[in-house]
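# Remarks on the overall topology
One-letter residues, chain by chain:
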Amino acid sequence: DGRVLRLSGHRKVKDEHMESESRFKKSFMLGKNLDPETITANLADGVLVVNAPKKPIPDKGGKTISITENAHTEPKHVTVEKKEATVAA
């Protein structure tokens with residue numbers, strides 16, 4: 001289902017006295033919370049770095065309500081997060 005990341009590679013090294021070759025294959029199962037379209041890889045100085053970002057968490061459809069500072073005044077829309085409440089829909 002496209003949820004497997006397969007890596008493979010090889011390396012040949014030659015010098016005056018010998019020659020060596022190595023190969024590798026590795027598979028990783030990707031969690032459903034990862035977005036395969038955003039995976040990137042970088043190879044530098046013989047080190048492969050693979051970046052597999054998680055999908056954004058969907059909004060649960062909550063509702064933001066205003067909180068008054070004093071029960072005898074008009075409601076104020078507060079922009080500070082600590083002064084807001086979220087109510088599940």
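Residues numbered from 1 in each chain as written. Predicted model: local features only at pLDDT ≥ 70, side-chain atom pairs only at ≥ 80, totals over all residues. Heavy atoms only, no water.

On to the pairing of strand β1 (residues 4-14). In terms of burial, β1 is largely open, as just one of its eleven residues are buried. Taken together, the eleven bridges between β1 and strand β2 (residues 19-29) define a ladder with antiparallel strand orientation. In the sheet register, Val13 faces β2, and the bridge partner there is Ser20. Turn length for the β1-β2 hairpin, with the two strands adjacent in sequence and antiparallel, is four residues. (Buried < 20%, exposed > 50% of the residue type's maximum accessible area, 1.4 Å probe, protein only. Helix = DSSP H or I, 4+ residues; strand = E, 2+ residues; numbered from the N terminus. Pairing = 2+ DSSP bridges.)

A side chain of one charge can pair with a side chain of the opposite charge when the charged atoms of the two come close. Tallied over the entire structure, the rule returns one salt bridge. Among the ionic pairs, Arg23 bridges to Glu21, the shortest N-O distance being 2.8 Å. (Salt bridge = Lys/Arg side-chain N within 4 Å of Asp/Glu carboxyl O.)

Before going further, it helps to examine a nonpolar patch on the surface. Taken together, the side chains of Leu43, Leu48 and Val50 define a hydrophobic patch exposed on the protein surface, amounting to about 260 Å² of accessible area. Relative to the helices and strands, Val50 is located in strand β4 (residues 47-51). (Patch = residues over 30% accessible without salt bridge, like charges linked within 9 Å, V, L, I, M, F, W, Y side chains within 5 Å. Areas by Shrake-Rupley, 256 points an atom, 1.4 Å probe, with all protein chains shown as cover.)

For Asp45, which is not glycine, the phi dihedral falls at a positive 55°. Its place among the elements puts Asp45 in the loop between β3 (40-44) and β4.

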